[in-house]
Amino acid sequence: LQGTVTDAAPGTPLPAARLAVHVPGAAQLGGDVPVDDDGSYSLLLPAGSYDVHASVRCYEPQVLPGVAVTGGSLSVQDVALTPWSCLYLPLITQP
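Presented here is an overview of the structure given in this document. (Residues numbered from 1 in each chain as written. Predicted model: local features only at pLDDT ≥ 70, side-chain atom pairs only at ≥ 80, totals over all residues. Heavy atoms only, no water.)

### Re the pattern of salt bridges
Line of reasoning, step 1. The final tally for this structure, using the stated rule, is one salt bridge.
Line of reasoning, step 2. The partner of R18 in a salt bridge is D32, and the shortest N-O contact between them spans 2.9 Å. Highlighted residues: R18 in strand β2 (residues 18–22) and D32 in the loop between β2 and β3 (40–42), separated in sequence by 14 residues. (Salt bridge = Lys/Arg side-chain N within 4 Å of Asp/Glu carboxyl O. Helix = DSSP H or I, 4+ residues; strand = E, 2+ residues; numbered from the N terminus.)

### Overview of the sheet that holds strand β6 (residues 79–81)
Line of reasoning, step 1. Across the sheet, three strands lie side by side as β3-β1-β6; this open sheet has mixed pairing. Strands at the two margins of the open sheet, each flanked by one partner only, are β3 and β6. Taken pair by pair, the neighbouring strands of this sheet meet at an average axis angle of 20°, ignoring direction.
Line of reasoning, step 2. Bridge count between strand β1 (residues 2–7) and β6: three bridges; the pairing is parallel. Bridging across to β6, T6 finds its partner in A80. (Pairing = 2+ DSSP bridges. Axes fitted to C-alpha atoms, helices over the stretch in contact; angles between N-to-C directions.)

### Let's talk about the pairing of strand β5 (residues 62–69)
Line of reasoning, step 1. Strand direction decides the pairing type here: strand β4 (residues 48–55) and β5, joined by six bridges, are antiparallel. Note on β5: the bridge partner recorded for G48 is V69.
Line of reasoning, step 2. Taken together, β4 and the strand that follows it, β5, pair antiparallel across an intervening segment of six residues, in which C58 is found at a positive phi of about 75°.

### Let's talk about the nonpolar core
Line of reasoning, step 1. Core analysis: the largest hydrophobic core is formed by 21 residues, its most contacted members being L1, V5, L19, Y41 and L81.
Line of reasoning, step 2. Those elements that provide at least two residues to this core are β2, β4, β5 and β6.
Line of reasoning, step 3. Apart from residues no more than four positions distant in its own chain, L19 is found in contact with V5, D32, V33, V35, Y41, V52, H53 and A54. (Core = buried A, V, L, I, M, F, W, Y, C linked by side-chain atoms within 4.5 Å. Buried < 20%, exposed > 50% of the residue type's maximum accessible area, 1.4 Å probe, protein only. Contact = heavy atoms within 4.5 Å.)

### Topic: the side chain of D51
Line of reasoning, step 1. Relative to the elements of secondary structure, D51 occurs in strand β4.
Line of reasoning, step 2. Of the side chains with opposite charge, R18 comes closest to the buried, unpaired D51, at an N-O distance of 13 Å.
Line of reasoning, step 3. A distance of 3.0 Å separates a polar atom in the side chain of D51 from the backbone nitrogen of G66.
Line of reasoning, step 4. Among all residues touching D51, those that are not within four sequence positions of it are A20, V21, H22, P24, V63, L64, P65 and G66. (Lys, Arg positive; Asp, Glu negative; His and termini not counted. Polar contact = N/O pair within 3.5 Å; in protein donor to acceptor, adjacent residues only side chain to side chain.)

### A short note on the pairing of β4
Line of reasoning, step 1. When β2 meets β4, the two strands line up antiparallel, connected through five bridges. Each bridged residue has a counterpart across the sheet, and for L19 the counterpart in β4 is A54.

Encoded structure:
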């Protein structure tokens, strides 16, 4: 499975994205999938159906359910994330 994680509007890559793959109804397979500086990712998976979870700070998380991976061929799944409100609040301490 391979693809690119981008900003939905301008299509710029999101290299800081967190990508995880789950078997539907089960736990995450291994750790997070590394996303390269150009927003691309790739991993080897056995044939089957997978849920792909993508997130990055200040973007709406997305789950792509039922991504099909077939044996003997390349499966491509790009992910376009939508910017989300991202507020930074100052830390207030009391004396």
